[in-house]
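Coordinate inspection notes
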Amino acid sequence: MATEESPQGRFRRFVRTVLAHRNGGNGARHDPARAREVYQSSTMGALIDGVYDGDVSVGELLEHGDFGLGTFNQLDGEMLVLDGVCYHLRADGPVEVADSGDLSPFAATTWFRADTSRELNSPMTRSELMALIDGMARSPNLIYAIRITGRFSEVRTRTVRKQEPPYPSLTEAAEGQAETTFTDLTGTLAGYRTPDYEQGISVAGYHLHFIDDTHQHGGHCLDFRIDHGIIALSERSELHLSLPTTGQFLSSDLTSSNLGDRIRKAEGG
């Protein structure tokens, strides 16, 4: 259950809202600088260490992009943002449209506009498709938002379950995740390809979430095989990192020495 917001927090949100309206609300998509930006709340390192309470709302995240992924407070399922709609993918099965007031401890959004795309006419495994995207990317040192739409013969997902304080680490929480394999369906894989040097800030490499075309099934993607579809990449050269000011974040020790290994284990890598 979310804690009551402080007067200072309410004032900060009021100021943000006023500034957003003053700047034209979603005018960021027409701003060349912010159009190349990924807006990220908190860090993957904090999430790995069990910082599951954030102070950024879905409404605020959507002010910074119409595409992205993340999770919700108390690690309550997976988040996927497509075409300006934020979906809440829950461990017990249903997919819902998130409320604008729902809070997130970790998320990354951007304004998705494809810089390059490619049609897939033959089946490919996850590793084959990742190698293809590596070749499409202009540089391994930039961030790429990835949107893959098509027909999948198989998609294996996991969805984390809601946690209760005192929170376990993400690697411990992931041991109780709900894994599901979907077969013969159409849908969208969406997420990011992030440089290796960002490990701990983000997830280095590929981080993808899945939702089917009926918007009834989805989750964090562990593996897949695609029959045919379209890959679209959106290159990003700016990262806006917004750190939470919750008590849990401020008092956490975020200096883990084996962070990379823990992230790979938690993400199913």
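Residues numbered from 1 in each chain as written. Predicted model: local features only at pLDDT ≥ 70, side-chain atom pairs only at ≥ 80, totals over all residues. Heavy atoms only, no water.

**Brief notes about helix α4 (residues 126-136)**
As a reminder of what qualifies: Per-residue accessibility, obtained with a 1.4 Å probe over protein chains only, is compared with the maximum for each type, and a residue is labelled buried under 20%, exposed over 50%, and partly exposed between these values. Strands here mean DSSP runs of E at least two residues long; helices mean DSSP runs of H or I at least four residues long; both are numbered from the N terminus. Our arc is simply the arc of the directions from the helix axis toward the C-beta atoms. Two residues form a contact once any of their heavy atoms are found within 4.5 Å.
Among all positions of α4, only Leu-129, Met-130, Leu-132, Ile-133 and Met-136 are buried. Down the axis of α4, the sector holding all buried residues measures 160°, keeping them to one side. Opposite the packed face of α4, turned more than 90 degrees from it, sit the exposed residues Ser-127 and Gly-135. Residues of α4 that are buried make contact with β9 (116-120), β10 (124-125), β11 (143-159), β12 (178-194), β13 (205-212) and β14 (218-236).

**Concerning the sheet that holds strand β6 (residues 95-97)**
Note the cut-off: If DSSP finds at least two bridges between two strands, the strands pair. Here the axes come from fitting lines to C-alpha atoms, over the contacting stretch only for helices, and the angles between their N-to-C directions go from 0 to 180 degrees.
Taken together, the seven strands give an open sheet; going across it, the order is β6-β5-β4-β3-β8-β1-β15, and neighbouring strands pair in mixed fashion. Two strands close off the open sheet at either side, each with one partner strand: β6 and β15 (238-242). Pairs of neighbouring strands in the sheet enclose a mean axial angle of 20°, with direction left out of account. The sheet contact formed by strand β3 (residues 67-71) and strand β8 (residues 106-110) spans five bridges and is antiparallel. In the strand pairing of β8, Gly-70 is matched with Ala-107.

**Some details on helix α7 (residues 259-267)**
In an α-helix there are 3.6 residues to a turn, and that puts residues three or four apart on one side. Looking at α7, one finds that the buried residues are Leu-259, Gly-260, Arg-262, Ile-263, Ala-266 and Glu-267. Take α7 and look down its axis: the buried residues cluster within an arc of 165°, on one side only. Facing away from the buried surface of α7 by more than 90 degrees, the exposed residues are Asp-261 and Lys-265. Of the surrounding secondary structure, the elements contacted by the buried residues of α7 are α2 (44-48), β11, α5 (170-174), β13 and β14. Gly-268, located one to two residues past α7, shows a positive phi value of around 85°.

**Details of a nonpolar patch on the surface**
What counts here: Put simply, a patch holds well-exposed residues, over 30% relative accessible area, that have no salt bridge, with like charges counted together within 9 Å and Val, Leu, Ile, Met, Phe, Trp or Tyr side chains within 5 Å. Exposure was quantified through the Shrake-Rupley algorithm and a 1.4 Å probe, taking into account, for residues, occlusion by the shown protein chains and nothing else. The rule for a salt bridge is simple: a side-chain nitrogen of Lys or Arg has to be within 4 Å of a carboxyl oxygen of Asp or Glu.
Residues Ile-201, Leu-239, Leu-241 and Leu-243 make up a contiguous nonpolar surface patch of about 290 Å² in total accessible area. Counting through the fold element by element, Leu-243 comes out in the loop between β15 and α6 (247-251).

**What to know about the pattern of salt bridges**
Throughout the structure, instances matching the rule amount to 13 salt bridges. Residue Asp-115 pairs with Arg-36 through a salt bridge whose shortest N-O separation is 3.1 Å. Taken together, the residues Asp-115 in the loop between β8 and β9 and Arg-36 in the loop between α1 (7-22) and β1 (37-41) connect sequence positions 79 residues apart. As a salt-bridge pair, Arg-264 and Asp-261 come within 2.7 Å of each other at their nearest N and O atoms. Of this pair, Arg-264 and Asp-261 both sit in helix α7, three residues apart, which is roughly one turn of that helix. On the accessibility criterion, Arg-264 (43% relative accessible area) is partly exposed.

**A short note on the pairing of β14**
In terms of burial, β14 is a largely internal element, 14 of the 19 residues being buried. Note that β9 and β14 share five bridges and pair antiparallel. Each bridged residue has a counterpart across the sheet, and for Thr-116 the counterpart in β14 is Leu-233. As judged from the two bridges shared by β10 and β14, these two strands associate in the antiparallel manner.

By themselves, these observations are geometric and do not establish any function.
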